[in-house]
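Breakdown of the fold
Chain residues, written in single-letter form:
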Amino acid sequence: MPLSAPPSSYAAAVERYLTGAGIAKSSARIYRISLTTWGWMLAGEPAPTGPARRGAKPPVFPVTAIDDPALPETLAELAAARADEMDADTVNRELSIARKAIGWWQRQGWIVSDPTIGIERRPAPPDRTKALAENQIAALWRLDVALREKTFWKMLYESAARADEVLCLNLEDLYPQDKRGKITAKGGAVEWIHWQSGTAQLLPRLIAHRARGPLFLTGRKAPAGTPTLDVCEETGRARLSYRRAEEIFEENTRLLANPLASPDDIEDLDGWTLHRLRHSALTHDAEDGTSTPMLLARSRHASVRSLERYARPGVDAVARHVAERDHAARRRT
């Protein structure tokens, strides 16, 4: 028997899961985006991708429709088609989140079956190029973008924090005189992030006269139904979403990511992801000789093994290392 009455819709079931399963606020945005994507596929429809995804209204259907015996076959085809269009890390993350939610709904007694059984994770070859070179970071700072983006990107790189953690910052969480802020990390733990002078110089202009509310805001009034905690009382604007922040960064970095491309072809190419700023910051720290304990503290990882992918020196650091040990070149100089 169900522990409680099933929600009236899939969307309502998602919200019940996010609040009832103890999902950290910093992770809830990513979970909601992934579960919205899976909502289309669980309704038997292809999930929109690219620009079509923004503003698309997910289908409305009861959560009990997940028990449709014909769904697994349809879902497997839709998931395979999506996997062909997306990178393996994104596909695997979304599948993992969907399975967690389905398992929780099963434990509530709202559904019986798991239509994702048989859908396999995609092999993800290691990406050795995630860390941006220092000249690429310098080129990023030279872009002509809005103050909000300049401050957000600087804070991500200087703090090596996760993008969703920084987007959840409120003005009350900031300690500008100490160049640090209090964030809610994975698992709900309260932790600190620290930034440098670049962020410290931009923050006062971004905050202006405000004293409370989200640090990073959208450029327009919050739509009806936006949670109170995600609305600035003084301006009426909403908290900037991860999805929109990622879109802006990706769009503005397409030419940097594809320096040989023609501006006419740039719309068909991909830019960088926000996560690469965190990856770059930790990699550059490791290249500069930062100790493992300090890297663990900066990254807030629980184990050295989790840190290994960031501590690998980048291509420029390897090139410098080889050049410094080139005896023939030293003799010529």
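Residues numbered from 1 in each chain as written. Predicted model: local features only at pLDDT ≥ 70, side-chain atom pairs only at ≥ 80, totals over all residues. Heavy atoms only, no water.

Moving on to the overall build of the protein. Regarding its fold elements, the protein presents 15 helices and five strands. For the protein, whose C-alpha radius of gyration is 22 Å, the value lies close to the compact-globule estimate of 20 Å for 333 residues. In terms of principal-axis extent, the alpha carbons of the protein reach across some 80 × 50 × 45 Å. Here the protein holds 333 residues, and 44% of them are scored as buried. Relative to all contacts within the protein whose residues are 6 or more apart in sequence, the contacts with residues 24 or more apart total 61%. (Helix = DSSP H or I, 4+ residues; strand = E, 2+ residues; numbered from the N terminus. Rg over C-alpha atoms; globule rule 2.2 N^0.38 Å. Buried < 20%, exposed > 50% of the residue type's maximum accessible area, 1.4 Å probe, protein only. Contact = heavy atoms within 4.5 Å.)

The subject of this paragraph is the packing of helix α5 (residues 134-141) against helix α6 (residues 147-159). Where α5 meets α6, the closest approach of the two axes is 11 Å, and the angle between their N-to-C directions is 155 degrees. Between α5 and α6, the interaxial angle falls into the category roughly antiparallel. As for the relative orientation of α5 and α6, their crossing is left-handed in sense. Residue-level contacts link Ile137, Leu140 and Trp141 of α5 to Trp153, Lys154 and Tyr157 of α6. A breakdown of the residues in the contact of α5 with α6 according to their chemical character gives five nonpolar, no polar and one charged. (Axes fitted to C-alpha atoms, helices over the stretch in contact; angles between N-to-C directions. Parallel < 35°, antiparallel > 145°, perpendicular 65-115°, else oblique. Left-handed = near helix turned anticlockwise from the far one by under 90°. Nonpolar A, V, L, I, M, F, W, Y, C, P; charged D, E, K, R; others polar.)

Given two aromatic rings, one states the distance between the centres and the angle between the planes to describe the pair. Within the structure shown, the criterion is met by 10 aromatic pairs. Of the aromatic side chains, those joined through ring pairs into one cluster are Tyr10, Tyr17, Tyr31, Phe61, Trp104, Trp105 and Trp110. The lysine or arginine in question, Arg180, covers the ring of Trp192, its NZ or CZ lying 4.6 Å from the ring centre. (Phe/Tyr/Trp six-rings, centres within 6.5 Å; stacked < 30°, edge-to-face > 60°. Lys NZ or Arg CZ within 6 Å of the ring centre and 35° of its normal.)

This paragraph deals with the domain arrangement of the protein. Each assigned domain of the protein is listed here: domain 1 (10-108) and domain 2 (134-316). Each partner contributes to the interface: domain 1 provides nine residues, whereas domain 2 provides 17 residues. Of the roughly 1,200 Å² buried between domain 1 and domain 2, counting both surfaces, carbon and sulfur atoms make up 52%. Summed over the shared surface of domain 1 and domain 2, the number is one salt bridge. Across the salt bridge formed by Asp230 and Arg29, the nearest N and O atoms sit 3.5 Å from each other. Applying the counting criterion to the domain 1 and domain 2 interface returns zero residue pairs in polar contact (both at pLDDT 80 or more). (Domains from an automatic or database assignment. Buried area = accessible area lost by both parts, 1.4 Å probe. Salt bridge = Lys/Arg side-chain N within 4 Å of Asp/Glu carboxyl O. Polar contact = N/O pair within 3.5 Å; in protein donor to acceptor, adjacent residues only side chain to side chain.)

A few words now on the pattern of salt bridges. Tallying each qualifying case throughout the model produces 14 salt bridges. For Arg300, the salt bridge is made with Glu165, and the minimal N-O distance between the two is 2.7 Å. Here Glu165 lies in helix α7 (residues 163-167) and Arg300 lies in the loop between α12 (292-299) and α13 (304-307), a separation of 135 residues in the sequence. Comparing Arg300 with Glu165 shows no difference in burial state: the two are buried.

The next subject is the confidence of the model for the protein. Of all residues in the protein, 90% have pLDDT values of 70 or greater, and the mean over the chain is 87. At the low end of the mean pLDDT range in the protein sits helix α15 (residues 327-332), at 62; at the high end sits α6, at 97. (pLDDT = per-residue confidence, 0-100.)

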